[in-house]
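Topology and contacts: notes
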Amino acid sequence: MQPILSLENISYSYHNLKGETPALSKISFQVTEGEFLAFVGPSGCGKSTLLSIIAGLLEPESGSLSFDTASTVGYMLQHDHLFEWRTIYQNVLLGLELNKNMTKENIDFVVQLLQDYGLYAFKDKKPSELSGGMRQRAALIRTMAIRPDLLLLDEPFSALDFQTRMTVSADIGNIIRNTGKTAILITHDLSEAITLADRVIVLSKRPATTKYELPIHYDIERTSPLSIRNTDVYQTYFNLLWKELSDDLSEPKTQN
Ligand code: ADP
Ligand code: MG
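The rules behind the values
- Residues numbered from 1 in each chain as written.
- Chains lettered and ligands numbered in written order.
- Predicted model: local features only at pLDDT ≥ 70, side-chain atom pairs only at ≥ 80, totals over all residues.
- Heavy atoms only, no water.
- Near = heavy atom within 4 Å.
- Polar contact = N/O pair within 3.5 Å; in protein donor to acceptor, adjacent residues only side chain to side chain.
- Areas by Shrake-Rupley, 256 points an atom, 1.4 Å probe, with all protein chains shown as cover.
- Helix = DSSP H or I, 4+ residues; strand = E, 2+ residues; numbered from the N terminus.
- Axes fitted to C-alpha atoms, helices over the stretch in contact; angles between N-to-C directions.
- Parallel < 35°, antiparallel > 145°, perpendicular 65-115°, else oblique.
- Left-handed = near helix turned anticlockwise from the far one by under 90°.
- Contact = heavy atoms within 4.5 Å.
- Nonpolar A, V, L, I, M, F, W, Y, C, P; charged D, E, K, R; others polar.
- Core = buried A, V, L, I, M, F, W, Y, C linked by side-chain atoms within 4.5 Å.
- Buried < 20%, exposed > 50% of the residue type's maximum accessible area, 1.4 Å probe, protein only.

Attention now goes to the site of ligand 1. Around ligand 1, the surrounding shell consists of Tyr14, Asn16, Ser43, Gly44, Cys45, Gly46, Lys47, Ser48, Thr49 and Arg206. Gly46 places a polar main-chain atom, nitrogen or oxygen, 3.1 Å from an oxygen atom of ligand 1. In the model, an oxygen atom of ligand 1 is placed 2.9 Å from a nitrogen or oxygen of the Ser48 side chain. Taking 560 Å² as the accessible area of ligand 1 by itself, protein coverage stands at 62%. Elements with a minimum of two residues in the shell around ligand 1: β1 (3–16) and α1 (47–54). Ranked by residues supplied to the shell around ligand 1, first place goes to α1 with three residues.

Let us now look at the packing of helix α5 (residues 132–144) against helix α6 (residues 162–179). The interhelical angle for the contact between α5 and α6, taken along N-to-C directions, is 25°, at an axis separation of 10 Å. Put simply, α5 runs roughly parallel to α6. Two packed elements cross with a definite hand, and for α5 against α6 that hand is right-handed. When α5 is examined against α6, the residues Gly133, Gln136, Arg137, Leu140 and Met144 are found in contact with a partner set consisting of Thr164, Val168, Asp171, Ile172, Ile175, Ile176 and Thr179. Each residue belonging to the contact of α5 with α6 can be placed in one class, and the counts come to six nonpolar, four polar and two charged.

On to the nonpolar core, then. Inside soluble globular proteins, nonpolar side chains tend to come together where they are buried. Counting 47 residues, the largest nonpolar core has Phe36, Leu140, Ile141, Met144, Ile176 and Val200 as its most contacted members. The residues contacting Val200, other than those within four sequence positions of it, are Ala38, Val40, Ala193, Ile194, Tyr212, Glu213, Leu214, Ile216 and Leu241. In this structure, Phe29, Leu50, Ile54 and Leu203 belong to the second largest nonpolar core, which totals 24 residues.

Nothing here speaks to function; it is geometry throughout.
Encoded structure:
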């Protein structure tokens, strides 16, 4: 299948008064339509930098990136960035409002999403009146409202406590899977990556390189996060990825 996004030998360094910080080194990968790809890597290795490059917020220093410029990118971040002075309804319409795209068809689409994701009854509430999980759903609806061709998720669940996180990530994961959206999830949580993604790529410590790639497949439906975690194959995936990640963490610190 034709990839919708393709990166080849992408490198990036930050430059400031203190000097140069290489963040990405020769990153290459492709994403096909409908695929759910996850990246895991140690904190500070360059994960968010990678997403910023894909989103077009940063220009790569070298390498090439191919992504249809007519495509729309939806971005979901660690904090839901819902505005407290707006109702949930006003929040989920924000993207359309900013893009001057408030057509009846688009508004109907958002209302449908609110209904589908069980938030319609809460549409006139303020964000603080909702649970963490509902807020993330609202953030997802706001992102989906612009009908993105590619969803970029930068540790979207890491602000949630452990238990909420497991159910919310499964919930959001299922919604994305059911809509057939192409998604790239960045996380430092191995379990999250293995339960949600079709493929996991392990990044090395900074500057990030792609050091290992693992296709994920289960024979059961991914409806419940616990049933996935109880499979043998989950455990095998976990051990494989854990080994790759901890190799990097246990290396002695080099001076530079
Ligand atoms: P991650 O998301 O994996 O935690 P980031 O991509 O945010 O990592 O950052 C990678 C590295 O680049 C880190 O060491 C970070 O300190 C550095 N960095 C990030 N943003 C900037 C910036 N604007 N200027 C200089 N260095 C930065
Ligand atoms: Mg980050």
